[in-house]
Amino acid sequence: MAPKVVLVTGVSRFLGGNLAARFAANPDIERVLGVDTEPPPRDLLRRMGRAEFVRADIRNPLIAKVIATAGVDTVVHASVTANPAGPTGRTVMKEMNVIGTMQLLAACQKSPHVRKLVVKSTSAVYGSSPRDPAVFAEGMSPKDLPSSGYAKDAVEVEGYVRGFSRRRPDVDVTTLRFTNFIGPRIDTVLTRYFALPVVPTVLGYDARVQLLHSEDALAILERATMHDLPGVFNAGGEGVLLLSQAIRRAGRLTLPVPSGAVPSVGRFFRSARLVDFSPDQMRFLNWGRVVDTSLLKREFGFTPRWTTRQAFDDYVSGRDLRPLIGTERVEAIERGLLDAAAKLR
């Protein structure tokens, strides 16, 4: 049965805001509420049309009042994020991801109107390690449980979602484990990483990277909301790119860094406000990760429009990334990286 009143979290960001815009354009949905702690950018708010922006913090139990008062029957939890903002971003990110999810699920549990929950999760729950299988299927467990950052947050979030599902078996719950997003319109740690003029990699490693176009991600979330498709599904584009291939396709220069210097290089990029790498993201750039999407195609009924390679190429062309890099810019970044690495000697 199609939803009538939909609440979307995280609407100040690309996925949540554009998803709310899609729902607002659907005449079968009577009401769309978009929740976040800050309003979406003006152009995104305009695209959201008749969707109602509700300035609320899902960490606050008052979210229960929003859900109950509006008679929300479908909740799309799209605010779980890997992108911290500001100097205290990591602490706030964990609170929003974990505490926010707990409060949101408590609100859903109290409401007799809620009939469907869609959760944006991540394939990072599988971790990244040298002992990983070639491909992760939904029933597999990580070889090394994520111990920090976004990946650990996502593991905790999924645990709370499973608990909610047991307590409210009448609610259809769909958990989507997305691979890394890419595309010309979305801003992520990875899109910023590949836009660096000099891209640091771990010396001696060439990770396999599986990507999903941001437009495919929106289509998957929309399908999960509009149809009854409970379960856990991996979601990623067909095929993989080696990290070195992706960097070359973006016209960037590679700077291989000894593994012992990787933390210092990460701190350098963070202090320069270029890219904020967490330890779990560093492990991903070391070992990579690939998931099996058979269930997505067979049971969920969706085949991504873009392969990993096509999605990456669309990002490169859409961002107008050019291979011509000024030598002064390259030398300045190289000096910063080499200084960071030298401190470990």
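These figures come from a predicted structure and were not determined experimentally.

Digging into the overall build of the chain
Right, on to step 1. A tally of helices and strands in the chain yields 13 helices and 14 strands.
Right, on to step 2. Every one of the 345 residues in the chain was classed for burial, and the buried ones make up 54%.
Right, on to step 3. Counting only carbon and sulfur atoms, one obtains 54% of the accessible surface of the chain, whose full area is about 15,200 Å².

Here we look at the environment of Pro-3
Right, on to step 1. Tracing the backbone through its elements, the reader meets Pro-3 in the segment before β1 (5-9).
Right, on to step 2. When its relative accessible area of 2% is taken as the criterion, Pro-3 is described as buried.
Right, on to step 3. When the C-alpha atoms of Pro-3 and Val-72 are compared, they prove to be 9.0 Å apart, with 69 residues separating the residues in sequence.
Right, on to step 4. Look past the residues within four positions of Pro-3 in its chain and what remains in contact with it is Asp-28, Ile-29, Asp-73, Thr-74, Thr-225 and Met-226.

Topic: the packing of aromatic side chains
Given two aromatic rings, one states the distance between the centres and the angle between the planes to describe the pair.
Right, on to step 1. All told, the structure shown has seven aromatic pairs when counted by the stated rule.
Right, on to step 2. An angle of 65 degrees between the planes, with centres 5.2 Å apart, marks the rings of Tyr-193 and Phe-194 as edge-to-face. With respect to class, Tyr-193 is no different from Phe-194; both count as buried.
Right, on to step 3. Relative to Tyr-315, the ring of Phe-312 lies with its centre 5.6 Å away and its plane at 55 degrees, an arrangement referred to as tilted. Residue Phe-312 and its partner Tyr-315 are located together in helix α12 (residues 308-318), separated by three residues, close to a single helical turn.
Right, on to step 4. The buried category is assigned to Tyr-315, whose relative accessible area is 0%.
Right, on to step 5. A cation sits over an aromatic face here: Arg-223 above Phe-300, 5.9 Å from the ring centre.

Describing the sheet that holds strand β12 (residues 241-242)
Right, on to step 1. Spatially, the three strands line up as an open sheet ordered β12-β9-β14, and their pairing is mixed. Of all strands in the sheet, those bounded by a partner on one side alone are β12 and β14 (288-289).

With respect to the pattern of salt bridges
Right, on to step 1. Using the criterion set out here, one finds 16 salt bridges in the structure.
Right, on to step 2. Arg-31 is paired through a salt bridge with Glu-52; the nearest N and O atoms lie 2.7 Å apart. Highlighted residues: Arg-31 in strand β2 (residues 31-36) and Glu-52 in strand β3 (residues 52-55), separated in sequence by 21 residues.
Right, on to step 3. Relative accessible area serves as the criterion here: at 31%, Glu-52 is assigned to the partly exposed category.
Right, on to step 4. Residue Arg-185 is joined to Glu-215 by a salt bridge in which the shortest nitrogen-to-oxygen separation is 2.6 Å. One end of the pair, Arg-185, is in the loop between β7 (180-182) and α6 (189-195); the other, Glu-215, is in helix α7 (residues 214-226), with 30 residues separating them in the sequence.
Right, on to step 5. The class for Arg-185 is partly exposed, based on a relative accessible area of 44%.
Right, on to step 6. Through salt bridges with shared partners, one network takes in Arg-22, Arg-185, Glu-215 and Glu-222.

Brief notes about the packing of helix α1 (residues 14-24) against α7
Right, on to step 1. Two elements in contact, α1 and α7, have axes whose closest approach is 10 Å; the angle formed by their N-to-C orientations is 55 degrees. In terms of orientation, α1 lies oblique with respect to α7. Helix-helix and strand crossings are classified by hand; for α1 and α7 the assignment is right-handed. Where α1 abuts α7, its residues Phe-14, Leu-15, Asn-18, Leu-19, Arg-22 and Phe-23 lie against Ser-214, Glu-215, Ala-217, Leu-218, Ala-219, Leu-221, Glu-222, Thr-225 and Met-226.
Right, on to step 2. Residue composition of the contact of α1 with α7, grouped by class: nine nonpolar, three polar and three charged.

Reading the values: the criteria
- Residues numbered from 1 in each chain as written.
- Predicted model: local features only at pLDDT ≥ 70, side-chain atom pairs only at ≥ 80, totals over all residues.
- Heavy atoms only, no water.
- Helix = DSSP H or I, 4+ residues; strand = E, 2+ residues; numbered from the N terminus.
- Buried < 20%, exposed > 50% of the residue type's maximum accessible area, 1.4 Å probe, protein only.
- Areas by Shrake-Rupley, 256 points an atom, 1.4 Å probe, with all protein chains shown as cover.
- Contact = heavy atoms within 4.5 Å.
- Phe/Tyr/Trp six-rings, centres within 6.5 Å; stacked < 30°, edge-to-face > 60°.
- Lys NZ or Arg CZ within 6 Å of the ring centre and 35° of its normal.
- Pairing = 2+ DSSP bridges.
- Salt bridge = Lys/Arg side-chain N within 4 Å of Asp/Glu carboxyl O.
- Axes fitted to C-alpha atoms, helices over the stretch in contact; angles between N-to-C directions.
- Parallel < 35°, antiparallel > 145°, perpendicular 65-115°, else oblique.
- Left-handed = near helix turned anticlockwise from the far one by under 90°.
- Nonpolar A, V, L, I, M, F, W, Y, C, P; charged D, E, K, R; others polar.

That's the geometry; what it means functionally is another story.
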